[in-house]
Number of protein chains: 4
Amino acid sequence: MEADTTAARRVPGHPGTPAEKRQLRARGERTVRKLLDAGIEVFSRTGYHNARVDDIVQLAQTSHGTFYLYFSNKEDLFRRLALDVGDELTALVDDLGELEPTAAARAHLRDWLRTFVDLYRHYGPLIRAWTAAEIETTETGRLGSDVLGRFTAAIAERVARIPELPTDPQVTALALVAMIERFSFFALIGQVEVSRDEVADALTEAAWRMLFRPS
Amino acid sequence: MEADTTAARRVPGHPGTPAEKRQLRARGERTVRKLLDAGIEVFSRTGYHNARVDDIVQLAQTSHGTFYLYFSNKEDLFRRLALDVGDELTALVDDLGELEPTAAARAHLRDWLRTFVDLYRHYGPLIRAWTAAEIETTETGRLGSDVLGRFTAAIAERVARIPELPTDPQVTALALVAMIERFSFFALIGQVEVSRDEVADALTEAAWRMLFRPS
Amino acid sequence: MEADTTAARRVPGHPGTPAEKRQLRARGERTVRKLLDAGIEVFSRTGYHNARVDDIVQLAQTSHGTFYLYFSNKEDLFRRLALDVGDELTALVDDLGELEPTAAARAHLRDWLRTFVDLYRHYGPLIRAWTAAEIETTETGRLGSDVLGRFTAAIAERVARIPELPTDPQVTALALVAMIERFSFFALIGQVEVSRDEVADALTEAAWRMLFRPS
Amino acid sequence: MEADTTAARRVPGHPGTPAEKRQLRARGERTVRKLLDAGIEVFSRTGYHNARVDDIVQLAQTSHGTFYLYFSNKEDLFRRLALDVGDELTALVDDLGELEPTAAARAHLRDWLRTFVDLYRHYGPLIRAWTAAEIETTETGRLGSDVLGRFTAAIAERVARIPELPTDPQVTALALVAMIERFSFFALIGQVEVSRDEVADALTEAAWRMLFRPS
DNA sequence: TATGAATGAGATTTCATTCAT
DNA sequence: AATGAATGAAATCTCATTCAT
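Since the model is a prediction, treat every value here as computed from it, not as a measurement.

Each value, and the rule that gives it
- Residues numbered from 1 in each chain as written.
- Chains lettered and ligands numbered in written order.
- Predicted model: local features only at pLDDT ≥ 70, side-chain atom pairs only at ≥ 80, totals over all residues.
- Helix = DSSP H or I, 4+ residues; strand = E, 2+ residues; numbered from the N terminus.
- Buried ≥ 20, exposed ≤ 12 C-beta atoms within 10 Å, placed from the backbone.
- Contact = placed C-beta atoms within 7 Å.
- pLDDT = per-residue confidence, 0-100.
- Domains from an automatic or database assignment.
- Least-squares fit on C-alpha atoms with pLDDT ≥ 70 in both.
- Axes fitted to C-alpha atoms, helices over the stretch in contact; angles between N-to-C directions.
- Parallel < 35°, antiparallel > 145°, perpendicular 65-115°, else oblique.
- Nonpolar A, V, L, I, M, F, W, Y, C, P; charged D, E, K, R; others polar.
- Left-handed = near helix turned anticlockwise from the far one by under 90°.
- Core = buried A, V, L, I, M, F, W, Y, C linked by C-beta atoms within 7 Å.
- Expected span 1.5 Å × (residues − 1).

1. Structural notes on the overall build of chain A
Looking only at helices and strands, chain A features nine helices and zero strands. Tracing chain A from N to C terminus, the helices and strands come up as α-α-α-α-α-α-α-α-α. Expressed as a percentage of the 215 residues in chain A, the buried residues total 33%. Counting contacts in chain A only where the partners sit at least 6 residues apart, residues at least 24 apart contribute 61% of the total.

2. Observations concerning the confidence of the model for chain A
For residues with low pLDDT, the predicted coordinates do not support detailed interpretation. In the predicted model, chain A carries a mean pLDDT of 82, and the fraction of residues at 70 or more is 82%. Segment residues 1-20 of chain A is flagged for pLDDT under 50; beyond a separation of four residues in sequence, or across chains, it makes six contacts in the model.

3. Observations concerning the domain arrangement of chain A
Residue and element names in this part refer to chain A. The domains assigned to chain A are domain 1 (1-71) and domain 2 (74-215). Taken together, the contact between domain 1 and domain 2 spans eleven residues of the former and eleven residues of the latter. Considering each element in turn, the side of domain 1 that touches domain 2 owes the most residues, nine residues, to helix H2 (residues 16-50).

4. Considerations on the relation of the copies chain B and chain A
With an RMSD of 0.4 Å, the operation that places chain B on chain A is a rotation of 179 degrees combined with a shift of 0.1 Å along the axis. The operation mapping one copy onto its partner corresponds to a two-fold rotation axis. Ranked by how close their C-alpha atoms come to the rotation axis, the residues of chain B are headed by B:Met179, at 2.0 Å. Comparing interface residues between copies, 97% of those in chain B also lie at the interface in chain A; the contact surface is shared.

5. A closer look at the packing of helix H2 (residues 26-50) of chain C against helix H5 (residues 74-95) of chain C
All names here are of chain C. Running from amino to carboxyl end, H2 crosses H5 at an angle of 100 degrees, the nearest separation of the two axes being 10 Å. The orientation of H2 relative to H5 falls into the category roughly perpendicular. Along its contact with H2, which presents Leu35, Leu36, Gly39, Ile40 and Tyr48, the element H5 presents Leu77, Phe78, Arg80 and Leu81. Its residues assigned to classes, the contact of H2 with H5 shows seven nonpolar, one polar and one charged.

6. Details of the packing of helix H8 (residues 169-188) of chain B against helix H9 (residues 196-211) of chain B
Residue and element names in this part refer to chain B. Close contact between H8 and H9 brings their axes to 11 Å; oriented N to C, the two are set at 160 degrees. Our classification of the angle between H8 and H9 gives roughly antiparallel. Along this stretch, H8 crosses H9, giving a crossing that reads as right-handed. Within the contact between the two elements, H8 uses Thr172, Leu176, Met179, Ile180, Phe183, Ser184 and Ala187 and H9 uses Val199, Leu203, Ala206, Ala207 and Met210. A per-class count over the contact of H8 with H9 returns ten nonpolar, two polar and no charged.

7. Some words on the interface of chain B and chain A
Contact with chain B, which involves 32 residues of that partner, is made by 32 residues of chain A. It is H8(B) that contributes the most residues to the side of chain B that touches chain A, ten residues altogether.

8. Looking at the interface of chain C and chain D
Each partner contributes to the interface: chain C provides 32 residues, whereas chain D provides 30 residues. Ranked by residues supplied to the side of chain C that touches chain D, first place goes to helix H8 (residues 169-188) of chain C with ten residues. Broken down by class, the residue content of the side of chain C that touches chain D amounts to 17 nonpolar, eight polar and seven charged.

9. Things to note about the environment of B:Phe71
One can find B:Phe71 in the loop between helix H4 (64-70) and helix H5 (74-95). Put simply, B:Phe71 and B:Thr90 are 19 residues apart on the chain and 25 Å apart in space, counted from C-alpha to C-alpha.

10. Brief notes about the environment of B:Leu89
Residues and elements named next belong to chain B. Looking at the element boundaries, Leu89 is found in helix H5. On the basis of neighbour counts, which here come to 20 C-beta atoms within 10 Å, the residue Leu89 falls in the buried class. When the C-alpha positions of Leu89 and Ala104 are compared, they lie 23 Å apart, and in sequence the two are 15 residues distant.

11. Observations concerning the nonpolar core
Core analysis: the largest hydrophobic core is formed by 108 residues, its most contacted members being A:Ala175, A:Met179, A:Phe183, B:Ala175, B:Met179 and B:Phe183. Ranked by size, the runner-up nonpolar core spans 107 residues in total, among them C:Val57, C:Ala60, C:Phe116 and C:Tyr123.

12. Comments concerning helix H9 (residues 196-211) of chain C
Taking 1.5 Å of rise per residue, 16 residues should cover 22 Å, and H9(C) covers 22 Å from first to last C-alpha, within 8% of that figure. Taken together, the buried positions of H9(C) are occupied by C:Val199, C:Ala200, C:Ala202, C:Leu203, C:Ala206, C:Ala207, C:Arg209, C:Met210 and C:Leu211.

13. Considerations on H8(B)
Taking 1.5 Å as the rise per residue, H8(B) with 20 residues should run 28 Å; its terminal C-alpha atoms sit 28 Å apart, in good agreement. Within two residues after H8(B), B:Gly190 carries a phi angle of roughly 80 degrees, on the positive side.

14. A look at unusual backbone geometry
If you check the backbone angles, B:Glu164 has positive phi at about 65 degrees while not being a glycine. Note that B:Glu164 resides in the loop between helix H7 (139-160) and H8.

15. Here we look at the environment of C:Ser184
All names here are of chain C. Looking at the element boundaries, Ser184 is found in helix H8. For Ser184 and Ala38, which are 146 residues apart along the polypeptide, the C-alpha to C-alpha distance reads 23 Å. Once you skip the residues sitting within four places of it in the chain, Ser184 turns out to touch Val117, Tyr120, Gly124 and Val199.

Okay, structure coming up:
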């Protein structure tokens, strides 16, 4: 088992060292990845509070000790996942095009919503955990609000450029986000029997009606 | 002095056994009421999972023993509250008038949404706990889905009577409910700074736009 | 900090799940052993019902947590001990020689009864707990009956080979076992002041009289 | 509700008073009787420790308050029952005739054992609870030992009058009692399938063999 | 880097007993 | 004489986190 390592050390000079170190680092990274994935899975299945470190560790096929080697506690793991989601959502919002009453813009919105629904399928449970607001009212709780706030703000910015919209862009954006998030959730838990595309279509239609008068 | 408490000892009180079985006198009823109210308050403040029976009991100014006299555990209390909410929501939905493109209907909807927002302010934490899906995926969890399903169905029924609406009434209703519920939530937790009436107005506007073309 | 402990939350650890599942290392095994020994000691001193997990844990010099790492509850520990006793009794019964009206056989029986009395001194409290029938009328309760049944059956088999015995071997064997067990018990709790050897002698004499006519 | 009482008080002089008092006393006695009977039943079913005051009270169709009106606690009820058993056993032992190697004496013994088995059927669980020695090592615990001691002593007295018995009468008597008690128990719980009379016959035969050489 | 074992604070739950009517 | 309600001490049990190897 140690044979390879020994062999590597035989190589004279530094060349071998980095490689070996990189090897170890790779292993650690793999472990972290396994834990994060397990975290998503377990949080999804049971929610933040019912998730036990033990469940995560078992699914990741590691030990408690290892868990605390990489994360300072359960919330820490959650926070890292939340940051990931935040990044994804931020990236996503950048892809959102202009909101104009054109067929092209509408098609673009539909595609964008499809991506959102996919994202929600993967990370939804985390997003819900934020909004469930049951997490200790600390940093992590605010983190969720912040991400959601930025997400909404970015949309509001687009909404603001729509002429002749009587309502406050902030409020309209929030109504949109609310609908999109919750509808995705309902679709996810099977409250309504629809495919990913149908969800996106329905949301597109609803959003379009809210934003634009018919020509 | 006597205290054998093997867990397996008795069938672990199917939730609800205690209080539903016995015929309560006035005093008992008062106590149950106090506990239920304390439950709402505590669940609101800290969420379902962070709520400890101890908190509820303290707020209700009774003892642990008394709590378990009437409820078999925390979830049991929650279930009873959830049933109440279900009743209130069902009652509310009956008050929803026809959805027609008239000023009167619109005013009625706005009033109705105000009532909803008030209700949400009182019971919101419970509703969220349902949807957070963090409660054991048992009876109680389904209870939430059921109530929400009935609520949505009732709205769908009204929506179906609107002529010339291109989208599926079920889906439209769900989009509406999603928006209403989540927007109320965002408003409640202060994600957006708006009064009860402003929330109702915004929701009315958004809903109206989704449902009706301008004359 | 995290401490949601709704009882219903997990299937309440079928007794035995913990320790039987995991592969124990030396240290773990030592701990289990300490707990089992402490269990015998505490059950002996105070009886099954008065024994608190706390007592066992203290005597074993471990913590509550550790106890529940290996046993799902008090009854689980008891069950494991009962299985041990069952094994010992089964092994003992194999050592019982033929029952013949010879001096050698009688001497052998006396020795055998001495061993039994020793065993009873060690495990008696457990055996009594079975028969006290105070333990939940479940698996564990039946366990006792089973072991006792096998024990009696093995003796009955020997008895059946005695010629000219007018009574039913089964019944005779049970009468013997009844006498042996209960007399040991009386001796143990000091109902009668006799040494281990005196108990064995008395039982031998009584048994011999029941089984054989004088030559 | 107070009407009758008032009416009774109208009757001049004492005549009415006693009758009324006697009435009340009778009611109280009936309640005590109900509680004692319920005690036997519940102790029999579940043993001393698992018996909850609540079970007894429910079976007796009274309330907690009433229970503590007549008994100072659970042990008190048990003690009163134990005293009853003691009385019965003492009475029974007086009926035991001489132990002589005659057919008449043997027949008498068999009848006596039948009575014992009947008694055991009714009070056995209490007797076992004594001997389980799990009751707080107080007065009540000793009570059981005492009764059993007297019972054994009375038998030892008869045994002592048997000529040519090589073993100590005390020890022999105890062996007899041990066998009788435990065998009855085994029969009671169905360890062996025998009728009351068969139990008595088997015990008679075994006892006789222990006490007398064949003529 | 990894791990199984151990810990103990904190939550839940039971039930004998007392209280007020 | 009777009762339903309330109590709280004491027990059980869980699980996030630390430790020793």
